[in-house]
Each structure stands twice: as structure tokens, then as C-alpha cells.
Amino acid sequence: QESKAEQLFAQLPATERENQKGFEALLNIKNSLNRYDDFLNIWQQHPEQRHNAEPVTIAKTVFVLSQHAKAQEAITLVQETLKRDTLSVWQRAVLMNALGVSLNDAGADEQAEDVFTQLIALGAGHLGNRNMAISFYNRALARKWLGYYQEARSDGLESYSWANEASNSHEVGKALCMLGEI
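Our subject in this report is the structure included herewith. (Residues numbered from 1 in each chain as written. Predicted model: local features only at pLDDT ≥ 70, side-chain atom pairs only at ≥ 80, totals over all residues. Heavy atoms only, no water.)

## Regarding the overall build of the protein chain
Next up, step 1: When helices and strands are counted, the protein chain shows 12 helices and 0 strands.
Next up, step 2: Each helix (α) and strand (β) of the protein chain, taken in turn from the N terminus, gives the series α-α-α-α-α-α-α-α-α-α-α-α.
Next up, step 3: Whereas a compact globule of 182 residues would reach a radius of gyration of roughly 16 Å, the protein chain reaches 18 Å, a difference of no more than 12%.
Next up, step 4: For the C-alpha atoms alone, the extent of the protein chain along its principal axes is close to 55 × 30 × 30 Å.
Next up, step 5: Residues classed as buried in the protein chain amount to 45% of the 182 residues present.
Next up, step 6: Sequence separation of at least 24 residues holds for 53% of the intrachain contacts in the protein chain that already meet a minimum separation of 6.
Next up, step 7: Accessible surface, the protein chain: about 9,700 Å² in total, of which carbon and sulfur atoms supply 49%. (Helix = DSSP H or I, 4+ residues; strand = E, 2+ residues; numbered from the N terminus. Rg over C-alpha atoms; globule rule 2.2 N^0.38 Å. Buried < 20%, exposed > 50% of the residue type's maximum accessible area, 1.4 Å probe, protein only. Contact = heavy atoms within 4.5 Å. Areas by Shrake-Rupley, 256 points an atom, 1.4 Å probe, with all protein chains shown as cover.)

## A few points about the packing of aromatic side chains
Next up, step 1: By the definition in use, this model includes 0 aromatic pairs.
Next up, step 2: Cation over ring: lysine 174 sits above tyrosine 137, and NZ or CZ is 4.6 Å from the ring centre. (Phe/Tyr/Trp six-rings, centres within 6.5 Å; stacked < 30°, edge-to-face > 60°. Lys NZ or Arg CZ within 6 Å of the ring centre and 35° of its normal.)

## Points about the pattern of salt bridges
Next up, step 1: Taken as a whole and judged by the stated rule, the model has 8 salt bridges.
Next up, step 2: Among the salt bridges present, the one from aspartate 38 reaches lysine 30, with a minimum N-O distance of 3.8 Å.
Next up, step 3: Here lysine 83 makes a salt bridge to glutamate 80, at a shortest N to O gap of 3.0 Å.
Next up, step 4: Residues joined in a network through salt bridges with shared partners are Glu113, Arg139, Arg143 and Asp155. (Salt bridge = Lys/Arg side-chain N within 4 Å of Asp/Glu carboxyl O.)

## Remarks on unusual backbone geometry
Next up, step 1: We note that alanine 69 has phi near 60 degrees; this positive angle belongs to a residue other than glycine.
Next up, step 2: Among the secondary structure elements, alanine 69 is positioned in the loop between helix H6 (55-67) and helix H7 (71-81).
Next up, step 3: Residue classification places alanine 69 among the exposed positions, given a relative accessible area of 73%.
Next up, step 4: In this structure, serine 167 takes a positive phi of about 55 degrees despite not being glycine.

## Quick look at the layout of surface pockets
Next up, step 1: Each pocket or cavity is described by its volume, and for the largest pocket that value is around 470 Å³.
Next up, step 2: Residue lining of the largest pocket: 22 residues in total, with Phe63, Val94, Asn97, Ile134 and Asn138 positioned closest to the centre.
Next up, step 3: Those elements giving two or more residues to the lining of the largest pocket turn out to be H6, helix H8 (89-105) and helix H10 (129-146).
Next up, step 4: Counted by class, the lining of the largest pocket contains 12 nonpolar, 7 polar and 3 charged residues. (1 Å grid on protein atoms, 1.4 Å probe; cavity = no way out; pocket = protein on both sides within 12 Å on 5 of 7 lines; lining within 4 Å. Points joined across faces, edges and corners; volume = space filled by probe spheres on them. Nonpolar A, V, L, I, M, F, W, Y, C, P; charged D, E, K, R; others polar.)

## Focus on the nonpolar core
Next up, step 1: Membership of the largest hydrophobic core comes to 39 residues, with the highest contact counts inside it found for Trp43, Ile58, Val62, Leu95, Leu99 and Leu103.
Next up, step 2: Breaking this core down by element, the ones donating at least two residues are helix H3 (20-32), helix H4 (36-45), H6, H7, H8, helix H9 (109-123) and H10. (Core = buried A, V, L, I, M, F, W, Y, C linked by side-chain atoms within 4.5 Å.)

## A word on H7
For an α-helix, 3.6 residues make a turn, and residues three or four places apart therefore share a direction.
Next up, step 1: Those residues of H7 lying buried are Ala71, Ala74, Ile75, Leu77, Val78 and Thr81. Taken down its axis, H7 places every buried residue within 165 degrees of arc, on the same side.
Next up, step 2: Buried positions along H7 lie against H4, H6 and H8. (Arc of directions from axis to C-beta.)

Geometric values such as these leave the question of function open.
And the structure:
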């Protein structure tokens, strides 16, 4: 069954549906609806628009690929995108987070820990409290999987602190769950 968003998208003129923004809008609709198979089909069917995709769209694609056991494809995609010299600090941070998660999904936990460490250094002073909480949480996960429990606990506390500062109950809850597991 088609959602209201999909119906509205289908009513747009073909020139708007088929350009770069239309491509990314349709991907965002499918992602929002958790229709990841549809998302990947659209991604695969439009190679001419993939290389111009916005970094946030790339990050969403990386997460969808990882969820479909295509972590290596996700890693390659995000590494290629990180080579763009026009990325803002925020865009680079979004992509680095996606890379770290994909590396974790691929079992490359040491590499993931390194990426999250770089992300935390990059984010200091540039990213908001919620994003810093997410960065510390993800590094805590990588460290936990590596057996570095004391460091994971320290990162979990940092994540909690940043999330609490952001008044973000979702991230606070994740950090508390993490701390309870270590």
C-alpha cells in the first residue's frame, strides 16, 4: 500500500521526480517508511545520480546497506564519499559515524574504534551535544566488543553526560543501557 508521501511524490511533474533532488526525496521517503528493500532498489537503479548524492543520503544508504549484510559495499561507498574536498565538518562527521558503524557491522572493531576516536576529535567544538553523545556511545560499543571494558565505561559516561546536556532522553537511555551492560 502506497503512503500519502509516496502518492504526493507520484503527483510531482516528471522533471521534479527524476532530477537529483527527486531521487534523494524518494530515498528519504522509503527510508522514513522503513522500506529498505525499496530504498536499495531505487539506489541501484540510478547509478547516474548516486555519485552526486548528498552526504546525508550517502550515510542513510550506508546504514541500509549494512542492515542488508552489505557492510563492505557500505564501507567502500562512505570511504569514496569522504574523499570529497567540499565536505563541511558536520557532513564529514555524519559520514565518519556511518563508516564506524559499518566497520563494526563488518567485525572490524579496532578500525571502528579508531574512526570513532577521530570523529570525537573532529566533533569537539563543532558538533552538538546529541551528536557528541552518539559518537561516544558508538566508540563505547566498539571498545566493549574489543574487551576494553574500562574505556567503554568511560565513553558510556561521556555519552550520558553529553546526552543529558542535550536533554535527549533517547540518547540518555542508550547510554544508561550501555553502562548497565558493562
